[in-house]
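# Reading the structure
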Amino acid sequence: MIDRYPDMMIDSCASGGGRNDIETLRRSVPLHFSDFWDGNPGGFDEKQAAMISLPQWIPYFKLGMDISMIPNIPEVKAMNAESELSYDRKMYYIRSAYAPWFNIDVGEAINSEQNDTDNSRYDEIWALAVKASEEWHKLAPYFYAEHYPLTPCDKHPDAWRGWQFHEKLNESGFVQLFRGTKSDEATRSFRLHGLRKECLYVLTDLDGRPEQIISGATLMEDGITVTLPEPGTSLILLIHGQ
């Protein structure tokens, strides 16, 4: 089949992703590596845990986010206050799906001009989708780089979760960190990996916090200290060596 249709993509999704052996992965990619999210609007702890563990074994897979479905996330429905969700909390859910293949769905907003006289909700959905696309494209060059878990693979909502991708050829990459929705810890420190001790690195926060310039030795030995004041928020740092 590949010989006849060389541009065809085969999705290895049999058994809910349970058949991703070496021979299968040589011929296909596991876009649907699990059926856990079929009809499940939640599962964000699990998406983050997948990004801690799966890149160590499989370099290319898919996660997705239907931004229009944020009100249907179980914990959001329990709050019954979607309008009170902060922008950072919404980005926490969206950033949980930043994988090598990132699928954005805007749901009913695709037809918003025809369906609604008040487009404010749809405007927000589109703005979040644009923000997510811009962020993901900054991360995309590094998904084949070295992957380093920064936390244990813990799916509990009270845990922090994070990982690092680093490209040795140009000494650049990124760090992604999440404070769980029920975490009591506002501040954590994380030691980075794979850097050059003598190199200075510029750390750029995608949420606009001030840039930092820190040596590789300090980042690997002392680490970075991160404060996320609210549970259910996240951080992305771009790292570029000077």
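Preceding block: the structure.
This write-up is about the structure you can find in this document. Computed from a predicted structure; not experimentally measured.

### Concerning unusual backbone geometry
- Despite not being glycine, Glu171 shows a phi value in the positive range, around 50°.
- When its relative accessible area of 7% is taken as the criterion, Glu171 is described as buried.

### Details of the layout of surface pockets
- Here the largest pocket defines a volume of roughly 440 Å³.
- For the lining of the largest pocket, the secondary-structure elements that each account for two or more residues are helix H2 (44-53), strand E1 (62-66) and strand E2 (101-105).
- Take the lining of the largest pocket: its biggest share by element is five residues, from E1.
- Residue composition of the lining of the largest pocket, by class: nine nonpolar, six polar and five charged.

### Thoughts on the sheet that holds strand E7 (residues 200-205)
- On the basis of which strands lie adjacent, the open sheet formed by six strands has the order E3-E4-E5-E10-E7-E8 and antiparallel pairing. Looking along the sheet, the strands with just one partner apiece sit at the ends: strand E3 (146-149) and strand E8 (212-215). Here the strands of the sheet are splayed against their neighbours by 20° on average, with no regard to which way each runs.
- Here four bridges tie E7 to E8, and the two strands are oriented antiparallel to one another. Opposite Leu200, over in E8, you have Ser215 as the bridge partner.
- Against the sheet, H2 touches E3, strand E4 (160-167) and strand E5 (172-179), its axis set at about 35° to E4.
- Against the sheet, helix H6 (residues 120-139) makes contact with E5 and strand E10 (233-241), and its axis sits at roughly 40° relative to E10, the strand it touches most.

### Looking at a nonpolar patch on the surface
- There is a patch of nonpolar side chains on the surface, built from Met1, Ile2, Tyr5 and Met8 and spanning about 420 Å² of accessible area.
- You can call Met8 partly exposed: its relative accessible area is 31%.

### Considerations on helix H4 (residues 87-95)
- Extensive coverage of H4 is indicated by the burial of seven of its nine residues.
- When we look at burial in H4, the residues that qualify are Arg89, Lys90, Met91, Tyr92, Tyr93, Ile94 and Arg95.

### What about the packing of aromatic side chains?
- Summed over all chains, the structure comprises 15 aromatic pairs.
- Between the aromatic rings of Tyr60 and Trp101, the centroid separation amounts to 6.4 Å while the plane-to-plane angle is 70°, which identifies the pairing as edge-to-face. Of the two residues, Tyr60 is situated in the loop between H2 and E1 and Trp101 in strand E2; the sequence distance between them amounts to 41 residues.
- Given a relative accessible area of 22%, Tyr60 falls into the partly exposed group.
- A network of ring pairs unites the aromatic residues Phe44, Tyr92, Tyr93, Trp163 and Phe178 as a single cluster.

### Re the environment of Pro59
- As for its position among the elements, Pro59 is in the loop between H2 and E1.
- With relative accessibility at 46%, the residue Pro59 sits in the partly exposed group.
- Among residues more than four places away in sequence, those in contact with Pro59 are Pro100, Phe143 and Tyr144.

### Considering the nonpolar core
- Residues Met51, Met65, Ile67, Ile94, Tyr98, Phe102 and Phe174 are the most contacted members of the largest nonpolar core, which totals 42 residues.
- Elements with a contribution of two residues or more to this core: H2, E1, H4, H6, E4, E5 and E10.
- In terms of residue count, H6 provides more of this core than any other element does, seven residues in total.
- Each residue touching Phe174, except ones within four places of it in the same chain, is listed here: Leu139, Tyr142, Phe143, Trp163, Gln164, Phe165, Leu237, Leu238 and Ile239.
- Membership of the second largest hydrophobic core comes to 18 residues, among which are Val175, Cys199, Tyr201 and Leu237.

Reading the values: the criteria
Residues numbered from 1 in each chain as written. Predicted model: local features only at pLDDT ≥ 70, side-chain atom pairs only at ≥ 80, totals over all residues. Heavy atoms only, no water. Buried < 20%, exposed > 50% of the residue type's maximum accessible area, 1.4 Å probe, protein only. 1 Å grid on protein atoms, 1.4 Å probe; cavity = no way out; pocket = protein on both sides within 12 Å on 5 of 7 lines; lining within 4 Å. Points joined across faces, edges and corners; volume = space filled by probe spheres on them. Helix = DSSP H or I, 4+ residues; strand = E, 2+ residues; numbered from the N terminus. Nonpolar A, V, L, I, M, F, W, Y, C, P; charged D, E, K, R; others polar. Pairing = 2+ DSSP bridges. Axes fitted to C-alpha atoms, helices over the stretch in contact; angles between N-to-C directions. Contact = heavy atoms within 4.5 Å. Patch = residues over 30% accessible without salt bridge, like charges linked within 9 Å, V, L, I, M, F, W, Y side chains within 5 Å. Areas by Shrake-Rupley, 256 points an atom, 1.4 Å probe, with all protein chains shown as cover. Salt bridge = Lys/Arg side-chain N within 4 Å of Asp/Glu carboxyl O. Phe/Tyr/Trp six-rings, centres within 6.5 Å; stacked < 30°, edge-to-face > 60°. Core = buried A, V, L, I, M, F, W, Y, C linked by side-chain atoms within 4.5 Å.

These values are about where atoms sit, not about what they do.
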